[in-house]
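# Working through the structure, step by step
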Amino acid sequence: VDPADAVITFEEDLNVDPATGTADPATSTPVAGWTTMPGFRSGVAKSINDVGVVHLAATVPGTAPVQLPRAGLLDSARAAGGLAGHEFTNVGYGVNDLDRSVSSPNVAISWAGRRMASTTRFKSLTPDFLEQHGGNCFGDSGGPHFWSATGPLSNLTVAVTSATDPTCGSSASNQRLDTPEPVAFLARFTP
């Protein structure tokens, strides 16, 4: 994708013209480019080193950067027993589940073009991924997973959406941001 064809918005609604597929320039910021993490490998189920930085062409008034985790934060929390039952807040613009019936394997999904949030429980931790009990769907890729919904760590992003199960409900694999490689990569772009 040519960066000249991409824009970023921080609005709740994407405000995309359905006829042309273009975003409203009054609520979007042009993209100057992006940098992907070295070693990115796209996989069938999961991608490795699935982290990137989008460079904006202009400062966006009223926005502030998220907090990034220190190296090993999730491992330390797990060792201290702080991940069992912990809930994370997930944010994305992807499709949402309209009809998830336990008795039906079919899932009706619809893209609303609006920022949504969910809260899901911790499932497991791997060297690369924070696994959660759902909370993401198609189109949420790259969206943040915040440590908590409230409190002093509510702006701490510990992972980004990388993969979800086909039903958008039972499991989500999210690229950890607290492992050595993402920490070193992101340090290049933060003060």
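Residues numbered from 1 in each chain as written. Predicted model: local features only at pLDDT ≥ 70, side-chain atom pairs only at ≥ 80, totals over all residues. Heavy atoms only, no water.

### Examining the sheet that holds strand E4 (residues 87–92)
In space, the six strands of this closed barrel follow the order E4-E7-E8-E11-E10-E9, with antiparallel pairing throughout. In this sheet, neighbouring strand axes are inclined to one another by 45° on average, regardless of whether the strands run parallel or antiparallel. Relative to strand E9 (residues 144–146), E4 is paired through two bridges, and the arrangement is antiparallel. Opposite Asn90, over in E9, you have His145 as the bridge partner. (Pairing = 2+ DSSP bridges. Helix = DSSP H or I, 4+ residues; strand = E, 2+ residues; numbered from the N terminus. Axes fitted to C-alpha atoms, helices over the stretch in contact; angles between N-to-C directions.)

### Overview of the sheet that holds strand E2 (residues 29–36)
As summarised here, the arrangement of the three strands in space is E1-E2-E3, forming an open sheet in which the pairing is antiparallel. Each edge of the open sheet carries a strand with a single partner, namely strand E1 (7–8) and strand E3 (52–56). In this sheet, E3 lies alongside E2 in antiparallel orientation, the contact comprising five bridges. Residue pairing in the sheet places Trp34 in a bridge with Val54 of E3.

### Regarding helix H2 (residues 180–187)
Residues three or four positions apart in an α-helix share a direction because the helix packs 3.6 residues into each turn. Among the residues of H2, Pro182, Phe185 and Leu186 are the ones counted as buried. In an axial view of H2, the angular spread of the buried residues amounts to 90°, which keeps them on one side of the axis. In this structure, the buried side of H2 is in contact with E2, E3 and strand E11 (172–176). (Buried < 20%, exposed > 50% of the residue type's maximum accessible area, 1.4 Å probe, protein only. Arc of directions from axis to C-beta. Contact = heavy atoms within 4.5 Å.)

### Topic: a nonpolar patch on the surface
There is a patch of nonpolar side chains on the surface, built from Val1, Phe10, Trp34, Val54 and Leu56 and spanning about 500 Å² of accessible area. Along the chain, Val54 turns up in strand E3. (Patch = residues over 30% accessible without salt bridge, like charges linked within 9 Å, V, L, I, M, F, W, Y side chains within 5 Å. Areas by Shrake-Rupley, 256 points an atom, 1.4 Å probe, with all protein chains shown as cover. Salt bridge = Lys/Arg side-chain N within 4 Å of Asp/Glu carboxyl O.)

### Remarks on the pairing of E11
Put simply, side chains in a regular strand alternate between the two faces of the sheet. When you tally the buried positions in E11, you get five out of five residues, the bulk of the element. Relative to E11, strand E8 (residues 129–132) is paired through four bridges, and the arrangement is antiparallel. Opposite Phe129, over in E11, you have Gln175 as the bridge partner. Note that strand E10 (residues 157–164) and E11 share five bridges and pair antiparallel. Within the sheet, the bridge partner assigned to Thr161 lies in E11 and is Asn174.

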